[in-house]
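# Structural overview for review
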Amino acid sequence: MPTTTINGREVAVDDEGFMTEYDQWDDAMGAALAEAIGVEMTDEHWKAIHFLRDDFKVQGETPTIRRVSTAGGIDTKQLFVLFPKKPAKKMAYIAGLPKPHGCV
Amino acid sequence: MTAVNEMIVPAFDDDVETGRKLAIICSKGSLDMAYPGLILGNAALGEGVELHLFFTFWGFDMITKGRMENLKFSPVGNTAAHIPAALAPFPGMTSMATHMMQKSMDALEIPAVPEFLDLIVASGGHLWACQLSADMNKLKKEDLYDGVEAIINASDFIEMTNGAQLLFI
């Protein structure tokens with residue numbers, strides 16, 4: 001399992017680059033991750049990312065887009081605007097979490 | 001453990017205009033056969049793939065108001081349902097099988113068909129209804145789910161799916 005340097009710190013990642021250690025993340029790291037994939041973070045973006053972090057802690061797994069919409073209260077359409085093309089994956093990456101496993 | 005000093009960044013294909021398009025023909029109206037198209041369609045949208053769902057024949061029930069909320073599953077003729085063949089046509093079996101299937105879906109938080117279509121439309125998916133099926137069932141656009149963009153004919157569908165990957169369900 002590789003490690004990589006994000007924001008000046010060495011962190012554990014999987015082969016695709018998604019962080020694997022929950023506690024190695026912080027907001028500054030999230031900002032660096034977002035920058036790496038060209039996402040400009042606004043308060044709305046952060047709301048989604050923080051929801052992902054909190055939900056992962058409670059549920060033990062990364063929420064799917066649908067869950068971000070129903071439980072997180074962010075409109076699905078809006079998620080595609082905030083994180084174009086691959087919202088679920090992008091959010092997970094920025095939040096330092098694994099890709100969601102759920103089908104819906 | 002390999003240490004990589006440059007960030008490993010997954011490919012999100014933002015710059016790639018692959019123009020990947022998927023068209024799924026939904027031709028079945030039973031509850032079990034409604035889901036494959038919806039689940040794969042939703043997954044495609046989540047991966048940034050342009051998605052078109054084309055409802056035809058029995059699949060029309062998936063987008064007809066009044067029917068889309070009541071799709072059923074019957075184990076008759078379906079050996080994979082693991083019910084003795086002689087029992088499958090029994091009165092009440094369809095209701096029971098449908099109820100059990102819906103419960104399984106709910107337990108996994110898979111939305112019901114109308115809600116699933118809402119999700120697909122909200123995520124940018126396109127829904128189309130087959131002209132011939134509309135004529136056969138004597139239905140008009142007002143009778144259909146609001147998210148259906150238009151009733152189109154086979155030629156329109158073939159034109160629209162130029163270069164697309166096709167799936168027939």
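Read on for a plain summary of the structure.

Quick notes on the rules
- Residues numbered from 1 in each chain as written.
- Chains lettered and ligands numbered in written order.
- Predicted model: local features only at pLDDT ≥ 70, side-chain atom pairs only at ≥ 80, totals over all residues.
- Buried ≥ 20, exposed ≤ 12 C-beta atoms within 10 Å, placed from the backbone.
- Helix = DSSP H or I, 4+ residues; strand = E, 2+ residues; numbered from the N terminus.
- Right-handed = clockwise from strand over helix to strand, strands pointing away.
- Pairing = 2+ DSSP bridges.
- Axes fitted to C-alpha atoms, helices over the stretch in contact; angles between N-to-C directions.
- Parallel < 35°, antiparallel > 145°, perpendicular 65-115°, else oblique.
- Left-handed = near helix turned anticlockwise from the far one by under 90°.
- Contact = placed C-beta atoms within 7 Å.
- Nonpolar A, V, L, I, M, F, W, Y, C, P; charged D, E, K, R; others polar.
- Core = buried A, V, L, I, M, F, W, Y, C linked by C-beta atoms within 7 Å.

### Side note on the pairing of strand E2 (residues 21-26) of chain B
Residues and elements named next belong to chain B.
- Among the six residues that make up E2, five are buried, leaving the element largely enclosed by the rest of the structure.
- Taken together, E2, helix H1 (residues 31-46) and strand E3 (residues 50-55) form a β-α-β motif whose crossover is right-handed.
- As paired elements, E2 and strand E6 (residues 165-168) share four bridges and run parallel to each other. Within the sheet, the bridge partner assigned to isoleucine 24 lies in E6 and is leucine 167.

### What to know about the pairing of strand E2 (residues 9-12) of chain A
All names here are of chain A.
- The sheet contact formed by strand E1 (residues 3-6) and E2 spans four bridges and is antiparallel. Counted as the bridge partner of threonine 4 is valine 11 from E2.
- Here E1 folds back onto E2 in antiparallel fashion, the turn holding two residues, of which asparagine 7 has a positive phi close to 55°.

### A few points about the packing of H1(B) against helix H3 (residues 113-122) of chain B
Residue and element names in this part refer to chain B.
- Viewed as axis vectors pointing N to C, H1 and H3 meet at an angle of 20°, and their least axial separation amounts to 10 Å. With respect to H3, the axis of H1 lies roughly parallel. The crossing of H1 and H3 is left-handed. Between H1 and H3, the contacting residues are Ala34, Leu38, Gly41, Asn42 and Leu45 on the first element and Val113, Phe116, Leu119 and Ile120 on the second.
- For the contact of H1 with H3, a count of residues per class yields seven nonpolar, two polar and no charged.

### Overview of the environment of Met1(A)
- When you line up the elements, Met1(A) lands in the segment before E1.
- In the structure, Met1(A) is positioned 78 residues away from Leu79(A) in sequence and 31 Å away in space, judged by C-alpha atoms.

### Section: the nonpolar core
- In this structure, Leu53(B), Phe54(B), Phe55(B), Met62(B), Ile63(B) and Ala129(B) are the most contacted members of the largest nonpolar core, which totals 36 residues.
- Listed by contribution, the elements that provide at least two residues to this core are E2, H1, E3, H3 and strand E4 (126-130) of chain B.
- Contact partners of Leu53(B), with chain neighbours within four places excluded, come to Ile24(B), Cys26(B), Gly37(B), Gly41(B), Gly125(B), Leu127(B) and Trp128(B).
- Listed in part, the 20 residues of the second largest apolar core include Leu79(A), Leu82(A), Tyr93(A) and Ala95(A).

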